[in-house]
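# Topology and contacts: notes
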Amino acid sequence: MNRRQFLGSTALAASVIPLFGTGNAVAAPRAKRLLPVPLNRGDTVGLVSPSSATDDSLGLQLTQEAMEALGFKVKTGAHYAGRRGYLAGTDAERASDINRMFADKSVNAVICVRGGWGAARLLPLLDYDLIRRNPKVLMGYSDITALHSAIQAKTGLVTFHGPIGAGSWNKFVVDQFERVFFNRELMHYQNKQDAGDELVPRRNRTATITGGKARGELVGGNLSVLAALAGSSYLPDFSGKILFLEDVSEAPYRIDRMMSTLKLMGALDKISGFIFGECTDCDPGGGYGSLTIEQILDDYIQPLKIPAYRGAMIGHLREQFILPVGGDVEMDADAGTFRMLEGVFQG
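Since the model is a prediction, treat every value here as computed from it, not as a measurement. (Residues numbered from 1 in each chain as written. Predicted model: local features only at pLDDT ≥ 70, side-chain atom pairs only at ≥ 80, totals over all residues. Heavy atoms only, no water.)

## Brief notes about the UniProt feature "domain: LD-carboxypeptidase N-terminal" (unreviewed entry) in the protein
The line we're drawing: UniProt positions are given in the numbering used here, feature names are shortened, and annotations may be inferred rather than shown by experiment. In DSSP terms, a helix is any run of H or I states spanning at least four residues, a strand is any run of E spanning at least two, and both are numbered starting from the N terminus.
The feature "domain: LD-carboxypeptidase N-terminal" (unreviewed entry), as annotated in UniProt, sits at residues 45–162 in this numbering. Across residues 45–162, helical content stands at 36% and strand content at 16%; the span's end C-alpha atoms are separated by 15 Å.

Below is the structure:
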């Protein structure tokens with residue numbers, strides 16, 4: 001069951017965090033950047049389920065095995081295997097697992113087991129002062145965008161948009177993980193290309209929307225989740241930021257509607273650069289009457305006259321980048337690349 005099935009309609013999202021008409025006054029005051037403590041082999045990682053329940057115990061087992069194979073000790077949240085309908089326990093239970101992992105001095109990182117839907121329900125229940133006092137790695141993607149956005153807005157902590165625990169830990173992802181966390185490289189994000197038996201590469205191609213280079217802090221994540229947070233205090237300041245987006249199983253008209261939300265709330269007019277990852281299973285249906293994702297992005301992004309490209313390896317992909325949300329980057333829209341400008345860990 002994917003994230004879209006949980007979001008449902010805009011009315012459902014609004015029942016959790018209302019969409020208020022706010023003009024340009026949509027973002028929380030800019031929080032001072034806060035870096036997490038470094039992560040090393042032998043450290044303890046905490047596993048939490050902030051969103052949907054994992055419907056197969058094998059997924060939980062594989063998550064623990066993957067963390068151990070990376071060289072970590074594992075501590076599980078009290079409710080990480082819980083279930084309340086499609087959620088992994090009650091809101092209070094799931095929020096308490098996150099708060100306890102940040103409070104636990106023996107835990108060096110918090111890894112989200114899966115996405116789905118439900119993280120936005122936790123935002124009023126998180127202890128942001130506690131998180132600020134105990135800055136550590138938080139990683140996940142898709143619905144975990146709600147946590148990335150809120151924690152950045154409230155604390156300034158750099159978090160990581162990357163694979164969930166129950167996802168694929170293939171060679172590309174493991175290499176990304178080791179380079180980001182163990183080697184602490186200033187990463188250069190360039191799509192992997194392999195022509196295979198084709199004359200020219202077809203997979204992982206990038207396309208320039210507007211050429212040029214831009215610098216700024218990375219913000220973003222899943223488009224549907226960001227749009228559902230509009231009008232709340234759980235969005236960071238978009239001024240001068242590089243916005244990255246991805247989504248899954250959304251009809252083009254829904255992508256159009258959510259891009260319109262970002263435009264009307266003033267977010268798009270503030271950013272200095274734009275990177276679109278993959279919109280997996282977002283192709284138009286049969287027949288006439290649909291815009292393409294390419295046309296929709298052109299409509300909203302080209303008038304901004306800022307560097308922008310699409311096709312980055314970000315999103316619901318087997319091989320995906322691990323990105324520092326809140327980290328400083330420089331993007332090159334003509335080359336379809338971006339790079340970290342400084343370290344994102346303490347020390």
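Having seen the structure, we can now continue with the description.
## Topic: the pairing of strand 3 (residues 109–112)
Here is the key point about a regular strand: its side chains alternate between the two faces of the sheet. Put simply, the test is: Three exposure classes are used, based on accessible area relative to the maximum for each residue type with a 1.4 Å probe and protein chains only: buried under 20%, partly exposed in between, and exposed over 50%. Strand pairing is defined by DSSP finding a minimum of two bridges between the two strands. Classification remark: right-handed applies to a crossover when, strands pointing away from the viewer, the course from the first strand over the helix to the second runs clockwise.
Because side chains alternate across strand 3, one face comprises the buried residues Ala-109 and Ile-111, and the other comprises Val-110 and Cys-112, equally buried. As paired elements, strand 1 (residues 44–48) and strand 3 share four bridges and run parallel to each other. Note on strand 3: the bridge partner recorded for Gly-46 is Val-110. In terms of strand pairing, strand 3 meets strand 4 (residues 137–140) through three bridges, oriented parallel. Bridging from a neighbouring strand, Ala-109 pairs with Val-137 of strand 4. Taken together, strand 3, helix 5 (residues 128–133) and strand 4 constitute a β-α-β crossover, and its handedness is right-handed.

## A short note on the layout of surface pockets
Stated formally: Buriedness for pockets is judged along seven lines, at least five of which must meet protein on both sides within 12 Å for an open set on the 1 Å grid over protein atoms alone, while cavities are sets there where a 1.4 Å probe fits but cannot get out, and lining residues have an atom within 4 Å of a point. Grid points are joined across faces, edges and corners, and a volume is the space filled by probe spheres set on the points. Any residue outside Ala, Val, Leu, Ile, Met, Phe, Trp, Tyr, Cys, Pro, Asp, Glu, Lys and Arg is labelled polar, Gly included; the first ten of those are nonpolar and the last four are charged.
Of the volumes computed, that of the second largest pocket is approximately 240 Å³. Contributing to the lining of the second largest pocket are Phe-276, Gly-277, Glu-278, Cys-279, Cys-282, Asp-283, Pro-284, Ile-293, Glu-294, Leu-297, Arg-310 and Gly-311. Within the residue set of the lining of the second largest pocket, elements represented by two or more residues are strand 10 (273–280) and helix 10 (293–301). When residues in the lining of the second largest pocket are grouped by element, the largest group, four residues, is from strand 10. Partitioning the lining of the second largest pocket into residue classes produces six nonpolar, two polar and four charged.

## Details of the packing of helix 9 (residues 252–264) against helix 10
When two helices pack together, their arrangement is given by the angle between the helix axes and the distance between those axes. Filter applied, for reference: Here, axes are lines fitted to C-alpha atoms. For helices the fit covers the stretch in contact, and angles between N-to-C directions go from 0 to 180 degrees. An angle counts as roughly parallel when it lies under 35 degrees, as roughly antiparallel when it exceeds 145, as roughly perpendicular when it falls between 65 and 115, and as oblique in every other case. By convention, the crossing between two helices is left-handed when the near helix turns anticlockwise from the far helix through less than a right angle, and right-handed when the turn is clockwise. The contact criterion used throughout is that any non-hydrogen atoms of two residues lie within 4.5 Å.
Interaxial distance between helix 9 and helix 10 falls to 10 Å at its minimum, and their mutual angle equals 15°. In this view, helix 9 runs roughly parallel relative to helix 10, as classed from their interaxial angle. Helix-helix and strand crossings are classified by hand; for helix 9 and helix 10 the assignment is right-handed. In this structure, helix 9 uses Pro-252, Ile-255, Asp-256, Met-259, Ser-260 and Lys-263 to contact helix 10, whose residues at the interface are Ile-293, Ile-296, Leu-297, Tyr-300 and Ile-301. Residues of the contact of helix 9 with helix 10, tallied by class, amount to eight nonpolar, one polar and two charged.

## Digging into the nonpolar core
Rules: Only buried Ala, Val, Leu, Ile, Met, Phe, Trp, Tyr and Cys residues count toward a nonpolar core, and they belong to the same one when joined by side-chain atoms within 4.5 Å. The source of the domain bounds is an automatic or database domain assignment.
Ranked by internal contacts, the top residues of the largest apolar core, which has 56 residues, are Leu-123, Leu-147, Leu-243, Leu-245, Met-259 and Phe-274. Built from parts of two domains, this core gets at least three residues from each of domain 1 (44–182) and domain 2 (188–340). Every residue in contact with Leu-243, bar those within four places of it in the chain, is listed here: Val-219, Gly-220, Leu-226, Phe-238, Leu-262, Leu-268, Ile-271, Gly-273, Phe-274 and Ile-275.

## Considerations on the UniProt feature "active site" (unreviewed entry) in the protein
Short version of the rule: For the purposes of these results, a polar contact is taken to be a pair of N or O atoms within 3.5 Å, where, inside protein, one atom must be able to donate a hydrogen and its partner to accept one; residues adjacent in sequence count only when each atom of the pair is a side-chain atom.
The residues that UniProt annotates with the feature "active site" (unreviewed entry) are Ser-142, Glu-246 and His-316. For this annotated set, covering 175 residues, all C-alpha atoms fall within 8.2 Å of each other, a compact arrangement in space. Its place among the elements puts Glu-246 in strand 9 (residues 242–248). By relative accessible area, Glu-246 is classed as buried at 0%. Residues within four places of Glu-246 in sequence aside, it is in contact with Tyr-141, Ser-142, His-161, Gly-221, Asn-222, Leu-223, Glu-278, Ile-314, Gly-315 and His-316. Here Asn-222 takes part through its side chain, which lies 3.1 Å from a polar atom of the side chain of Glu-246.

## Digging into the sheet that holds strand 8 (residues 213–222)
In space, the eight strands of this open sheet follow the order 6-14-13-8-9-10-11-7, with mixed pairing throughout. The two strands at the open ends of the sheet, each matched to only one other strand, are strand 6 (188–190) and strand 7 (207–210). On average, adjacent strands in this sheet sit at an angle of 30° to one another, irrespective of strand direction. In terms of strand pairing, strand 6 meets strand 14 (residues 337–340) through three bridges, oriented antiparallel.

## Considerations on the pattern of salt bridges
Convention followed: What counts as a salt bridge is simple: a side-chain nitrogen of Lys or Arg found within 4 Å of a carboxyl oxygen of Asp or Glu.
Per the stated rule, a full pass over the model turns up 18 salt bridges. Here Glu-217 ties to Lys-241 by a salt bridge, and the two come within 3.7 Å at their closest N and O atoms. Placement of Glu-217 in strand 8 and of Lys-241 in the loop between helix 8 (223–228) and strand 9 is noted, with a sequence separation of 24 residues between them. Here Glu-294 makes a salt bridge to Arg-310, at a shortest N to O gap of 3.3 Å.

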